Amino acid sequence: MPETFRIGLLGHGTVGSAFAELLAARADQIEAITGLRPELRGVLTRSRGRFDEIVEDADLVVELMGGLDPARDYVLRAMSAGRHVVTANKQLLSQHGEELWAAAREHGVQLRFEAAVAGVVPVIRVLQESLAGAHVDRLHGIVNGTTNFILTRMAETGASYADALAEAQRLGYAEADPTEDVNGKDAAAKMAILARLAFNTPVHLDQVTYEGIEHITADDMEYARDLGLGLKLIGTAERIDSGLSVRVHPAFLYGGHPLASISGPFNAVTIESQAITEITLSGPGAGGPQTASAVLGDVISAMIPPASTPETTERLSVVTDVESAFYLHLEVADRPGVLAQVAQLLGLQGASIRSVVQKGLGENARLVMVTHPILESRFYAAVDLIGGLDFMRSRPRAIRVIDEEFV
Ligand SMILES: NC(=O)c1ccc[n+]([C@@H]2O[C@H](COP(=O)([O-])OP(=O)(O)OC[C@H]3O[C@@H](n4cnc5c(N)ncnc54)[C@H](OP(=O)(O)O)[C@@H]3O)[C@@H](O)[C@H]2O)c1
């Protein structure tokens with residue numbers, strides 16, 4: 001009889017139940033790879049199981065409850081009892097990661113979390129292992145499938161934000177309460193984790209600035225298409241001078257960018273470093289069976305030790321004012337001299353216009369332009385002044401543009 005590897009499961013919802021099924025289906029294969037027979041010994045939900053008994057009877061605990069409380073306490077207690085832990089909980093890691101990794105080191109156990117970012121896309125493993133020796137300069141990610149689905153539908157069909165969101169909910173790509181997906185917080189938590197691993201420096205969710213897609217209009221998408229641009233919710237983590245910027249916001253991409261073609265509920269992460277130029281990983285970002293597959297991969301890895309926990313080799317300060325190119329959409333009165341005044345206000349702040357299109361006449365006149373990169377604070381100072389000009393018919397709308405292509 002092969003030796004048994006005992007697994008305790010906390011949470012039996014979308015991912016937890018898919019994990020339990022997958023574990024049973026793959027037990028023979030896992031035994032062939034590891035020489036150990038994985039066995040699910042206990043399951044905890046709100047109505048079933050006792051945490052202490054589950055931990056006592058496990059070699060490894062899988063946390064798939066979500067949330068901070070009691071997940072944080074349970075994960076800490078499992079590790080202090082000498083159990084390895086696998087989790088998919090991005091909120092927990094982005095807010096308590098340092099405490100949890102320190103506990104893993106202290107107790108000599110593994111804490112694995114591939115499924116916490118970009119579902120089944122193996123970006124955690126690539127950053128921690130494959131690229132451990134690369135000096136990463138920048139990451140760009142589409143790390144929220146719900147918003148990518150909504151933006152894709154808006155671009156493809158001309159649907160409004162509200163209609164595309166309703167369709168995402170109907171198809172199961174958005175939850176009944178989609179707030180943290182559409183306001184960027186879910187993506188911000190994932191970017192905090194990726195930045196932590198890429199730059200070996202502590203990054204807390206509170207240090208990530210984020211903006212969502214709720215204000216995007218079908219007009220923005222249509223005009224941007226004329227300028228050769230497509231809109232995505234982009235997470236960025238990059239070295240800036242001696243610091244680090246981590247942020248999430250809607251951004252326009254030119255067609256040649258590796259993330260421009262990622263559509264529907266897919267996720268993708270682009271990693272840039274001088275040594276490797278650029279790597280893009282993409283695939284399904286969520287879903288019970290897909291996420292369970294990433295969780296199972298972590299369980300198998302934990303059965304074949306050792307694995308590293310994140311080290312702190314740098315302490316980078318987090319910078320919030322960075323340079324971006326911008327798309328600027330202005331609804332203006334149709335009269336001479338409007339463009340000149342806008343260009344002058346932008347110019348005073350050091351922003352120059354890369355391209356501009358004039359749309360509509362009379363009541364419908366609009367100026368849609370893309371600027372060259374400028375410090376964000378200076379751009380918004382110009383936009384404030386432009387917003388106060390008497391020919392403006394509504395508030396200016398600005399969206400960042402990622403101003404580069406790879407060849
Ligand atoms: N769903 C996805 O596609 C996806 C993708 C990537 C990562 N994740 C992450 O995976 C984790 C689980 O997500 P999910 O979608 O599977 O969640 P879910 O469907 O809501 O399931 C949560 C499970 O945890 C149990 N639970 C919650 N609070 C508990 C408590 N205080 N005590 C005991 N049990 C408790 C629930 O018990 P009851 O059954 O009694 O309610 C339920 O079985 C989250 O961290 C999520 O962010 C999910």
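See the structure shown above.
Residues numbered from 1 in each chain as written. Predicted model: local features only at pLDDT ≥ 70, side-chain atom pairs only at ≥ 80, totals over all residues. Heavy atoms only, no water.

A. Structural view of the overall build of the chain. Within the chain, the regular secondary structure consists of 13 helices and 17 strands. On C-alpha atoms alone, the chain measures out to a radius of gyration of 24 Å, which is about the 22 Å that the 2.2 N^0.38 rule sets for 407 residues. Seen along its three principal axes, the alpha-carbon backbone of the chain occupies a region of about 85 × 45 × 35 Å. Sorting the 407 residues of the chain into buried and exposed places 54% on the buried side. Considering only intrachain contacts with a sequence separation of at least 6, the fraction spanning at least 24 residues in the chain is 74%. Carbon and sulfur atoms form 48% of the exposed surface of the chain, whose accessible area is close to 17200 Å². Taking the average location of the 34 positive side-chain charges in the chain and that of its 52 negative ones, the two points are 1 Å from each other. (Helix = DSSP H or I, 4+ residues; strand = E, 2+ residues; numbered from the N terminus. Rg over C-alpha atoms; globule rule 2.2 N^0.38 Å. Buried < 20%, exposed > 50% of the residue type's maximum accessible area, 1.4 Å probe, protein only. Contact = heavy atoms within 4.5 Å. Areas by Shrake-Rupley, 256 points an atom, 1.4 Å probe, with all protein chains shown as cover. Lys, Arg positive; Asp, Glu negative; His and termini not counted. Charge placed at Lys NZ, Arg CZ, Asp CG, Glu CD.)

B. The pairing of strand β1 (residues 3-10), seen in detail. Relative to strand β2 (residues 36-44), β1 runs parallel, the two sharing eight bridges. Along β2, the bridge assignment pairs Leu-9 with Val-43. Each parallel crossover has a hand, and the one from β1 via helix α1 (residues 14-34) to β2 is right-handed. Note: β1 against strand β3 (residues 60-63), four bridges, orientation parallel. Residue pairing across strands places Leu-9 opposite Val-62, the latter belonging to β3. (Pairing = 2+ DSSP bridges. Right-handed = clockwise from strand over helix to strand, strands pointing away.)

C. Local environment of the side chain of Asn-267. Within the secondary structure layout, Asn-267 lies in strand β10 (residues 266-273). When sequence neighbours within four positions are dropped, the list of residues in contact with Asn-267 reads Ala-118, Val-121, Ile-142, Val-143, Asn-144, Gly-145, Ile-262, Leu-281, Ser-282, Gly-283 and Gly-285.

D. Seen up close, helix α11 (residues 288-303). Here α11 is 16 residues long and its end C-alpha atoms lie 22 Å apart, about the 22 Å a rise of 1.5 Å per residue gives. Most of α11 is tucked away, with 12 of its 16 residues classed as buried. Taken together, the buried positions of α11 are Gly-288, Thr-291, Ala-292, Ala-294, Val-295, Leu-296, Asp-298, Val-299, Ile-300, Ser-301, Ala-302 and Met-303. (Expected span 1.5 Å × (residues − 1).)

E. View of unusual backbone geometry. For the peptide bond that leads from Asp-69 to Pro-70, omega is 15°, which places it in the cis range. The backbone phi angle of Ala-118 is positive, close to 60°, even though this residue is not glycine. Residue placement: Ala-118 occurs in the loop between β5 (111-112) and α5 (123-130). Note on Ala-118: relative accessible area 1%, which makes it buried. The phi dihedral of Thr-277 falls on the positive side, at around 65°, and the residue is not glycine. Following the sequence through the fold, Thr-277 ends up in strand β11 (residues 277-284).

F. Region of the structure containing the packing of aromatic side chains. A full pass over the atoms with the stated rule returns seven aromatic pairs. When the ring of Phe-326 is compared with that of Tyr-380, the centres are 5.4 Å apart and the planes differ by 75°; the resulting orientation is edge-to-face. Here Phe-326, found in strand β13 (residues 323-331), pairs with Tyr-380, found in helix α13 (residues 376-387); they are 54 residues apart in sequence, far enough to count as distant. Pairing Phe-379 with Tyr-380 gives two aromatic rings, centres 5.5 Å apart and planes at 75°, and the pair type is edge-to-face. Its relative accessible area of 0% is what places Phe-379 among the buried residues. (Phe/Tyr/Trp six-rings, centres within 6.5 Å; stacked < 30°, edge-to-face > 60°.)

G. Molecular detail of the nonpolar core. Core analysis: the biggest nonpolar cluster contains 85 residues, and Met-79 and Leu-194 have the highest contact counts within it. The element best represented in this core is helix α9 (residues 185-199), accounting for 11 residues. For Leu-194, the residues in contact, after removing those within four places along its chain, are Val-117, Val-123, Ile-124, Leu-127, Leu-139, Val-143 and Val-269. Ranked by size, the runner-up nonpolar core spans 26 residues in total, among them Val-15, Phe-19, Ala-88 and Ala-294. (Core = buried A, V, L, I, M, F, W, Y, C linked by side-chain atoms within 4.5 Å.)

H. Broad picture of the sheet that holds β2. Taken in spatial order, the five strands make up an open sheet running β2-β1-β3-β4-β5, and their pairing is parallel. Every other strand in the sheet has two partners, leaving β2 and β5 as the edge strands with one partner each. Of the strands in this sheet, β1, β2 and β3 are in contact with α1, which crosses β2 at around 160°. (Axes fitted to C-alpha atoms, helices over the stretch in contact; angles between N-to-C directions.)

I. Main features of the packing of helix α12 (residues 338-348) against α13. Between α12 and α13, the least distance of the axes is 8 Å, while the angle of their chain directions is 145°. For α12 against α13, the interelement crossing comes out right-handed. Every residue of α13 that contacts α12 at Val-342, Leu-345, Leu-346 and Leu-348 is listed here: Arg-378, Phe-379, Ala-382, Leu-385 and Ile-386. The residue inventory of the contact of α12 with α13, partitioned by class, reads eight nonpolar, no polar and one charged. (Left-handed = near helix turned anticlockwise from the far one by under 90°. Nonpolar A, V, L, I, M, F, W, Y, C, P; charged D, E, K, R; others polar.)

J. A look at the site of the ligand. Lining the immediate surroundings of the ligand are 18 residues, of which His-12, Thr-14, Val-15, Arg-46 and Gly-287 lie closest. In the model, an oxygen atom of the ligand is placed 2.8 Å from a nitrogen or oxygen of the His-12 main chain. In isolation the ligand has 900 Å² of accessible area, and contact with the protein removes 72% of it. (Near = heavy atom within 4 Å. Polar contact = N/O pair within 3.5 Å; in protein donor to acceptor, adjacent residues only side chain to side chain.)

K. Seen up close, the environment of Ile-216. By the secondary structure assignment, Ile-216 is in the loop between β7 (209-210) and α10 (218-226). Ile-216 gets classed as buried once you look at its relative accessible area, which sits at 3%. The sequence separation of Ile-216 and Ala-189 amounts to 27 residues, and the corresponding C-alpha distance is 22 Å. Once residues within four sequence positions are removed from consideration, Ile-216 is found in contact with Leu-151, Met-154, Tyr-161, Met-221, Leu-231, Pro-250 and Ile-399.

L. Looking closely at helix α7 (residues 161-170). Every buried residue of α7 is listed here: Tyr-161, Ala-164, Leu-165, Glu-167 and Ala-168. Taken down its axis, α7 places every buried residue within 160° of arc, on the same side. Opposite the buried face of α7, by more than 90 degrees, sit the exposed residues Asp-163 and Arg-170. Following α7 by one or two positions, Gly-172 adopts a phi angle in the positive range, close to 80°. (Arc of directions from axis to C-beta.)

In short, shape yes, function no, at least from these values alone.
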